[in-house]
Amino acid sequence: MNSSAQNATAPAVTPASSYKAVRAKKRSLSRLKEPALAYLFLAPSILLFGLFLLYPLMRSLYLSLFLTDPRGHIAAYVGFDNFRQLLTSSSFWGSLAVTGKFALITVPGGLLLGLIMSALAHSRLKGMRIFQFIFSLPLALSVSTSAVIWMMLFHPTLGMFNYFLDLAGFPAVQWLTDPKWALLSISVMTIWMNSGFNFIVLLSGLQGIPEDMYDSAKVDGAGPVRTFVRIILPLLSPVVFFLTVVSLIGAFQAFGQMHILTKGGPAGSTEVLVYSIYKEAFVNYQFGTGSAMAIVLFVLIMILTLIQFTLVEKKVHYQ
């Protein structure tokens, strides 16, 4: 009697209700599978980011609070004394000044050279494909390869620069051993080294401008200079802004060319901030001070980037 009563009161399960339940279960499983699949594809990037960016940053923050012995091992906790010592050090401010000069030369110079080359390659003259290939070649060369090439050009007796100066009747210049010329020489080499990337990005920006803009300017009687200043440059402002941000970050992170060509010399004239970090951490084995300098450099780059996005981006003309 009890079993028959329970069966009579139990709700009947219809095929439609069971089908809906199965579909709801499948939907819930699919909703779980999509994020899981997304995280699975993101896992390699997250792993690389954690190993090569997040962990070094956390390790630098940790080491910046300690002193290390001559073998690089942690010796004592000093708190923020490394930062206080750093901000009162004349060598730190000197390397920061050298980095600022280097950025002031290379960033505008690289953008100007890229604009000139992209404008020339964008013309419809015959043979421009060859020049496009030549102008983009520096992008294919590493920093070390470029530094070796320019080391030969800067050679005081065998270099081509002094050879042309001698033909013109001028005395030879000690490009890499004279404090007056060393930073300028490396800056010129860096401008050339970055010209390939700047050229490709600016040329793509020029090719994205409709031809109707040029035709309208010609109809209105605008010359090439006025067309470039009033029409082309505002339309290129997003590309120029992007290159400015990237070039400034790259200038503050420059290291390879100084390390190969001058070792920070002569007399510290090319000792940029990253080279000071390298020398402090991996030559003097003062990982605490070197980590503090790296943290200061990170904060400085972040502040400069935020300033550009806050102030400069307002003048960018987005279509």
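Parameters at a glance
- Position labels on residues start from 1 in each chain and follow its written sequence.
- Per-residue local features are limited, in this predicted model, to residues with pLDDT of at least 70; the limit for side-chain atom pairs, both in listing and counting, is 80 or more; totals at the level of whole chains, interfaces and linings are taken over all residues.
- The basis for every side-chain value is the complete set of non-hydrogen atoms in the structure, without hydrogens or water.
- Strands here mean DSSP runs of E at least two residues long; helices mean DSSP runs of H or I at least four residues long; both are numbered from the N terminus.
- Burial status follows relative accessibility: with a 1.4 Å probe on protein chains alone, a residue under 20% of its type maximum counts as buried, one over 50% as exposed, and anything between as partly exposed.
- A contact between two residues is defined here by any heavy atoms of the two lying within 4.5 Å.
- Areas reported as accessible are Shrake-Rupley estimates using a 1.4 Å probe. Residue values count occlusion only from the protein chains shown.
- For our purposes a nonpolar core is just a set of buried Ala, Val, Leu, Ile, Met, Phe, Trp, Tyr and Cys residues, chained together by side-chain atoms within 4.5 Å.
- Here a polar contact is recorded for every N or O atom pair within 3.5 Å, except that within protein the pair must consist of a potential hydrogen donor and a potential acceptor, and residues adjacent in sequence are included only if both atoms are side-chain atoms.
- Ring pairs are drawn from Phe, Tyr and Trp, using the six-membered ring of Trp, whenever the two centres fall within 6.5 Å, and their geometry is named by plane angle: stacked under 30 degrees, edge-to-face over 60, tilted for the rest.
- Lines fitted to C-alpha atoms define the axes here, with helix axes fitted over just the stretch in contact, and angles between the N-to-C directions of these axes take values from 0 to 180 degrees.
- Each angle receives one of four descriptions, namely roughly parallel if under 35 degrees, roughly antiparallel if over 145, roughly perpendicular if within 65 to 115, and oblique otherwise.
- By convention the crossing between two helices is left-handed if the near helix lies anticlockwise of the far one by an angle smaller than a right angle, and right-handed if it lies clockwise.
- Gly is placed with the polar residues, together with every amino acid not listed as nonpolar (Ala, Val, Leu, Ile, Met, Phe, Trp, Tyr, Cys and Pro) or charged (Asp, Glu, Lys and Arg).
- Each reported salt bridge corresponds to a side-chain nitrogen of Lys or Arg within 4 Å of a carboxyl oxygen of Asp or Glu.

S.K.: Can you explain the overall build of the chain? Please cite residues and give values.
M.R.: Secondary structure summary: the chain contains 13 helices and two strands in total. Every one of the 319 residues in the chain was classed for burial, and the buried ones make up 34%. Here the analysis covers contacts within the chain between residues at least 6 apart in sequence; of these, 66% occur between residues at least 24 apart. Carbon and sulfur atoms make up 70% of the accessible area of the chain, which totals about 20200 Å².

S.K.: Could you give an account of the nonpolar core, naming the residues involved and the relevant values?
M.R.: Within the largest apolar cluster, 48 residues are counted, with the highest numbers of intra-cluster contacts made by Phe92, Phe102, Ile209, Leu236, Phe252 and Leu297. Only α3 (81–87), α4 (90–121), α6 (143–153), α8 (182–207), α10 (224–252), α11 (256–261), α12 (273–282) and α13 (287–312) provide two or more residues apiece to this core. Formed by five residues, the second largest nonpolar core is a distinct cluster that contains Met117, Ala121, Phe135 and Phe199.

S.K.: Quick rundown of the side chain of Glu271? Include the residues and the values.
M.R.: You can see Glu271 is positioned in the loop between α11 and α12. According to the relative accessible area criterion, Glu271 is buried, its value standing at 15%. Of the polar contacts made by the side chain of Glu271, one reaches the side chain of Ser276; its length is 3.0 Å. A polar contact is formed between the side chain of Glu271 and the side chain of Lys279, at a distance of 2.9 Å.

S.K.: Which residues make up the packing of aromatic side chains, and what values go with them?
M.R.: Evaluated as defined, the whole model comprises 22 aromatic pairs. Both rings, one in Phe131 and one in Phe135, keep their centres 6.0 Å apart while their planes meet at 45°; by these two values the pair is tilted. Of this pair, Phe131 and Phe135 both sit in helix α5 (residues 128–135), four residues apart, which is roughly one turn of that helix. Classification of Phe135 by relative accessible area gives buried; the value is 17%.

S.K.: Describe the packing of α12 against α13, naming the residues involved and giving the relevant values.
M.R.: Between α12 and α13, whose axes approach to 7 Å, the crossing angle comes to 160°. Taken as axis vectors, α12 and α13 run roughly antiparallel relative to one another. At the point where α12 passes α13, the crossing takes the left-handed sense. Of α13, the residues touching α12 (which contributes Leu273, Val274, Ser276, Ile277, Glu280, Ala281 and Phe282) are Phe287, Thr289, Gly290, Met293, Ala294 and Leu297. The residue makeup of the contact of α12 with α13, split by class, is nine nonpolar, three polar and one charged.

S.K.: Tell me about the pattern of salt bridges, and name the residues and values.
M.R.: Going through the model one piece at a time under the given rule, you end up with two salt bridges. As a salt-bridge pair, Asp81 and Arg84 come within 2.5 Å of each other at their nearest N and O atoms. Of this pair, Asp81 and Arg84 both sit in helix α3, three residues apart, which is roughly one turn of the helix. For Asp81, a relative accessible area of 39% corresponds to the partly exposed category. As a salt-bridge pair, Glu271 and Lys279 come within 2.9 Å of each other at their nearest N and O atoms.

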